[in-house]
Protein chains: 2
Amino acid sequence: MSQNIYDTAEFFAGYSAMRRSIEGLEGAAEWPAVQVQVPDLKGKRVVDLGCGFGWFARYARSAGAASVLGLDISTNMIARAKADTQDQAITYEIADLETLELPEASFDFAHSSLAFHYIRDFGRLAAMVHRALVPGSHFVFTIEHPIFMAPRNAGWSRDADGRRIWPLDNYAVEGDRTTDWLAKGVVKYHRRLGTTINMLISAGFAIRHVEEWAPSEQDLADHPEWAEELDRPMFLLVAAER
Amino acid sequence: MSQNIYDTAEFFAGYSAMRRSIEGLEGAAEWPAVQVQVPDLKGKRVVDLGCGFGWFARYARSAGAASVLGLDISTNMIARAKADTQDQAITYEIADLETLELPEASFDFAHSSLAFHYIRDFGRLAAMVHRALVPGSHFVFTIEHPIFMAPRNAGWSRDADGRRIWPLDNYAVEGDRTTDWLAKGVVKYHRRLGTTINMLISAGFAIRHVEEWAPSEQDLADHPEWAEELDRPMFLLVAAER
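Small disclaimer: the values here were computed from a predicted structure and weren't measured.

When helices and strands are tallied, chain A shows 10 helices and 11 strands. Against the compact-globule benchmark of 18 Å for 242 residues, chain A has a radius of gyration of 18 Å, which places it among compact chains. With respect to the principal axes defined by its C-alpha atoms, chain A has extents near 55 × 40 × 40 Å. For chain A, buried positions account for 46% of its 242 residues. For chain A, long-range pairs separated by at least 24 residues make up 62% of all intrachain contacts whose partners lie at least 6 apart in sequence.

Here the focus is the nonpolar core. Membership of the largest hydrophobic core comes to 137 residues, with the highest contact counts inside it found for Leu168 of chain A together with Leu168 of chain B. Aside from chain neighbours lying at most four places away, what touches Leu168 of chain B is Ile147, Ile165, Trp166, Leu168, Asp231 and Arg232 of chain A together with Ile147, Ala150 and Pro151 of chain B.

The two copies are related by a screw operation: chain A maps onto chain B through 180° of rotation and 0.0 Å of translation along the axis, at an RMSD of 0.0 Å. Between the two chains, the operation in question is that of a two-fold axis. Proximity to the rotation axis, assessed at the C-alpha, singles out Pro167 of chain A in chain A; its C-alpha lies 2.6 Å from the axis.

Moving on, we come to the sheet that holds strand E3 (residues 90–94) of chain B. Residues and elements named next belong to chain B. Read from one edge to the other, the open sheet built from seven strands follows the order E3-E2-E1-E4-E5-E11-E10, with strand pairing classed as mixed. A strand with exactly one partner marks an edge of an open sheet, and here the two such strands are E3 and strand E10 (206–212). Taken over all neighbouring pairs, the strand axes of this sheet differ in orientation by 15° on average, direction set aside. Relative to strand E2 (residues 67–72), strand E1 (residues 45–49) is paired through five bridges, and the arrangement is parallel. The residue of E2 that forms the bridge with Val46 is Val68.

Both faces of the sheet carry side chains from a regular strand, because those side chains alternate between them. All names here are of chain A. Across the 12 residues that make up strand E5 (residues 133–144), a large majority, nine, are buried. With six bridges joining them, strand E4 (residues 107–113) and E5 adopt parallel strand pairing. By the bridge assignment, His111 is partnered in E5 with Val140. Regarding the hand of the β-α-β motif, the stretch spanning E4, helix H6 (residues 122–132) and E5 is right-handed. Looking at chain direction, E5 and strand E11 (residues 235–241) are connected through seven bridges and run antiparallel. Across the sheet, Glu144 pairs through a bridge with Phe235, a residue of E11.

A few words on the packing of H6 of chain A against helix H8 (residues 193–203) of chain A. All names here are of chain A. Where H6 meets H8, the axes come as close as 9 Å, and the angle between the chain directions of the two elements is 40°. By the angle between their directions, the pair H6 and H8 is classed as oblique. Along this stretch, H6 crosses H8, giving a crossing that reads as right-handed. Touching Phe122, Gly123, Ala126, Ala127 and His130 of H6 are Thr196, Met199, Leu200, Ser202 and Ala203, all from H8.

When the parts of a complex come together, some accessible area is lost, and that lost area is often taken as the interface size. Contact with chain A, which involves 34 residues of that partner, is made by 34 residues of chain B. Of all the secondary-structure elements, those providing two or more residues to the side of chain A that touches chain B are strand E7 (164–168), H8, strand E10 (206–212) and helix H10 (228–231) of chain A. The element best represented in the side of chain A that touches chain B is E10 of chain A, accounting for seven residues. Taken together, the residues of the side of chain A that touches chain B sort by class into 17 nonpolar, six polar and 11 charged.

Our next topic: the environment of Gly14 of chain B. Residue and element names in this part refer to chain B. When you line up the elements, Gly14 lands in helix H1 (residues 9–17). Given 14 C-beta atoms within a 10 Å radius, Gly14 is considered partly exposed. In the structure, Gly14 is positioned 168 residues away from Leu182 in sequence and 5.3 Å away in space, judged by C-alpha atoms. In contact with Gly14, not counting residues within four places along its chain, are Leu182 and Ala183.

Attention shifts here to the sheet that holds strand E6 (residues 157–158) of chain B. Within a beta sheet, neighbouring strands are joined by backbone hydrogen bonds and run either parallel or antiparallel to one another. What the four strands build is an open sheet, ordered E6(A)-E7(A)-E7(B)-E6(B); its pairing is antiparallel. Two strands lie at the open edges of the sheet, namely strand E6 (157–158) of chain A together with E6 of chain B, each paired on one side alone.

Cut-offs applied
- Residues numbered from 1 in each chain as written.
- Chains lettered and ligands numbered in written order.
- Predicted model: local features only at pLDDT ≥ 70, side-chain atom pairs only at ≥ 80, totals over all residues.
- Helix = DSSP H or I, 4+ residues; strand = E, 2+ residues; numbered from the N terminus.
- Rg over C-alpha atoms; globule rule 2.2 N^0.38 Å.
- Buried ≥ 20, exposed ≤ 12 C-beta atoms within 10 Å, placed from the backbone.
- Contact = placed C-beta atoms within 7 Å.
- Core = buried A, V, L, I, M, F, W, Y, C linked by C-beta atoms within 7 Å.
- Least-squares fit on C-alpha atoms with pLDDT ≥ 70 in both.
- Pairing = 2+ DSSP bridges.
- Axes fitted to C-alpha atoms, helices over the stretch in contact; angles between N-to-C directions.
- Right-handed = clockwise from strand over helix to strand, strands pointing away.
- Parallel < 35°, antiparallel > 145°, perpendicular 65-115°, else oblique.
- Left-handed = near helix turned anticlockwise from the far one by under 90°.
- Nonpolar A, V, L, I, M, F, W, Y, C, P; charged D, E, K, R; others polar.

Right, here's the structure in full:
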């Protein structure tokens, strides 16, 4: 069984209080960049890996998807997603992405938001998603950026001149990182950006877009505090084609 | 006319003294990783963009290439490459990669080592290389890694606990970086890793491999000082297919 810290009271309370959990996709800074990469969903069979409260599942249906399967390891999240959704074409199921097997060639689009950095074996997952998609379909996902994940001490620091810096180290040392984000002892798996790309290519995907998210000028006018993101990226967005 | 600081006495003396300039490819830490990506060169027409002293050009011929065109902006380097090469199938020419135009579909393989981070308009260059290659051919190059390029103060630092850290900032701020490497005022152009990948995709290339070079255990046994490269990557290797 994989880590399921997401159902602890501490993590779930923290997760539920996040802007993106309350406002949905519009509350996520990186969503406009993700949306650009999402293909036309009309009539498509969509799977969302790590669906949380179901915000993307409902968006996909509003964009014309024929059906959506939302999967998450968290019982609490799936319960909340079901409670918040009145749509017979959306199905939510509890699933462990480390061991999940989807039926072959049964989906036309796969999405995931900020889930795969909790997955130890991304190569296995990428190969499974490739099998589950029909040829020509797209796979769009975000993860925490490896620059954000890598350091032993992953928090802002200051240099001798008092300037904000991100104290990068251990970038090439792939593997688990234990953090105290929302709850104590959350385990994430750091992979170099190149490793994620190469695993997708090995699985058979063609890389279509790689975006290390940064705020636009308009974003900075609306949210001056996002200027940090110019110094080190927090989100990595990848679009691939099967 | 692009920057040509490489012909200044200061830069050229420093460049000439580098281990890779004296020993050739075997003196470059990242060469084994590059070599794995270089396809079978037998009978191929090869172009090397930023050929320096001609080490790769001569390697390509020893690996069976039919012909090699080595291009560099530095008069001194081209003169030295010519002096060191006795091979009628290798041609060296002075060329500015910012404006270079190669004949269409005239090469079967393109290589470049640590040159493109000096190029302002990589998108133009990638599109030109795509046109110059025949379908199915490969393009393998290294650049300085953007993590290495980005910071205002691109040098090792220490955190409050005395541990070595790389003071990353300005990662999303693309554009020129002026450094004092080998000579004062060398201008390099920082692009995010994703930007380099997306420019290749836009030019029509399929991404085959992305490697943020790090030393192997054997490398570390032979060169303990390379352990720094585990903390932040210096070299980015990309292999693409036309």
